Amino acid sequence: MKARILVVNDNAGPQSKRLLSALRERGFEVTTASLSTIAFDTTSHSGLAIPGFDAGELPDAVIVRSISAGSFEAVTRRLGVLHALGKLGVPVWNSAQAIERCVDKSMTTFLLKSAGVPTPTTFAIEGLEAATAIAARELPQTPLVLKPLFGAQGRGIRLIRALSDLPTEEEINGVYYLQHYVPRAGPPFRDYRVFVCAGKVLAMMARRGDDWITNVNRGAAPEAISGEIEAELAELALAAAAAVGADFAGVDIVPAADGSLHVLEVNSMPAWSGLQSVVAVNIAEAIAESLLAFLDTRGQARPPLRLIEPFPMAVAKS
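Everything quoted here is computed from the prediction, not taken from an experiment. (Residues numbered from 1 in each chain as written. Predicted model: local features only at pLDDT ≥ 70, side-chain atom pairs only at ≥ 80, totals over all residues. Heavy atoms only, no water.)

## Thoughts on the overall build of the protein
Along the backbone of the protein there are 8 helices and 15 strands. Judged by the C-alpha coordinates and their principal axes, the protein covers about 75 × 60 × 30 Å. Taken over 318 residues, the protein has a buried fraction of 47%. Taking contacts inside the protein between residues at least 6 apart in sequence as the whole, the part at least 24 apart equals 65%. Here the protein has roughly 15900 Å² of accessible surface; of this, 55% comes from carbon and sulfur atoms. Within the protein, one finds 29 positive and 33 negative side-chain charges whose respective centroids are separated by 4 Å. (Helix = DSSP H or I, 4+ residues; strand = E, 2+ residues; numbered from the N terminus. Buried < 20%, exposed > 50% of the residue type's maximum accessible area, 1.4 Å probe, protein only. Contact = heavy atoms within 4.5 Å. Areas by Shrake-Rupley, 256 points an atom, 1.4 Å probe, with all protein chains shown as cover. Lys, Arg positive; Asp, Glu negative; His and termini not counted. Charge placed at Lys NZ, Arg CZ, Asp CG, Glu CD.)

Next comes the structure, spelled out in structure tokens:
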């Protein structure tokens with residue numbers, strides 16, 4: 001019987017379509033659904049109702065490609081669905097915990113530092129008064145980079161050179177994530193993206209741009225890389241992905257002017273169009289192959305679900 005894979009997605013772009021094709025070519029039966037459409041349902045055998053699956057039926061594995069924005073309540077419920085799938089024994093790439101760790105930059109930084117992975121000095125605090133105190137102490141040494149705690153693709157990043165550059169609390173919901181700026185050679189500026197899957201490095205690229213924020217969607221150009229730096233980048237990226245518990249991830253690494261490397265972020269739902277344009281490996285097919293190997297090793301075995309029996313209540317005798 002074919003293994004059934006659920007791909008969680010809110011935007012069926014070209015990368016997702018290639019991944020679906022790669023999975024189907026390898027014999028998987030693939031269903032796609034948005035997390036917003038998966039319900040908690042205590043009348044179901046599993047406790048979940050998943051579009052495309054019979055009542056109580058579960059997939060053999062889940063790949064999370066995207067989670068749409070929503071209210072705090074909505075996002076909490078959607079992540080709860082992923083937590084529930086994991087509790088039921090379904091492999092989820094990436095798990096709710098890994099996604100939570102990557103989405104929250106302060107937790108990512110904490111885990112990288114705890115694992116001994118080189119990352120810039122960082123402070124995450126609440127309130128303008130606390131941010132001003134830290135900036136007053138740190139700015140004589142280095143500019144600071146202010147990032148949204150939840151954000152991607154370089155949006156909302158600011159360079160703080162003076163106390164007057166700090167935004168109001170209203171502009172950033174009261175949370176200040178401040179990071180030492182890594183001095184870099186440039187322009188042009190470069191950083192690196194390394195794609196990790198199932199404990200292996202699939203591909204890597206450099207990103208070159210005139211702006212110090214070197215995201216491809218902001219105009220940076222992807223470039224192939226080779227040479228001795230590949231081994232160092234691979235080691236750092238694998239350590240970073242392991243630190244946050246990610247099954248697959250895009251790890252962003254910045255080179256300092258002195259040649260040292262620093263991990264900035266770990267992306268748990270990475271895009272790879274820019275990367276794919278400069279590497280030979282087919283990333284979608286490599287992800288599908290990694291999942292196939294994982295399920296073969298696991299034997300696609302999952303303990304059978306049991307209906308929850310009513311709790312035996314003691315009845316007081318009159």
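Having put the structure on the table, let's press on.
## Some remarks on the packing of helix 4 (residues 105–114) against helix 6 (residues 229–244)
Interaxial distance between helix 4 and helix 6 falls to 9 Å at its minimum, and their mutual angle equals 115 degrees. Our pair here, helix 4 against helix 6, has a crossing hand that is right-handed. On the side of helix 4, the interface is formed by Thr108, Leu111 and Leu112, while helix 6 contributes Ala240, Ala243 and Val244. When the residues that make up the contact of helix 4 with helix 6 are grouped by side-chain class, the tally is 5 nonpolar, 1 polar and no charged. (Axes fitted to C-alpha atoms, helices over the stretch in contact; angles between N-to-C directions. Left-handed = near helix turned anticlockwise from the far one by under 90°. Nonpolar A, V, L, I, M, F, W, Y, C, P; charged D, E, K, R; others polar.)

## What about the packing of aromatic side chains?
Per the counting criterion, the structure on display carries 3 aromatic pairs. Between the aromatic rings of Phe195 and Trp272, the centroid separation amounts to 5.8 Å while the plane-to-plane angle is 90 degrees, which identifies the pairing as edge-to-face. Remark: Trp272 occurs in the loop between strand 15 (261–267) and helix 7 (273–276) and Phe195 occurs in strand 11 (residues 189–197); sequence separation between them is 77 residues. Over the ring of Phe53 we find Arg4, and its NZ or CZ is 4.0 Å from the ring centre. (Phe/Tyr/Trp six-rings, centres within 6.5 Å; stacked < 30°, edge-to-face > 60°. Lys NZ or Arg CZ within 6 Å of the ring centre and 35° of its normal.)

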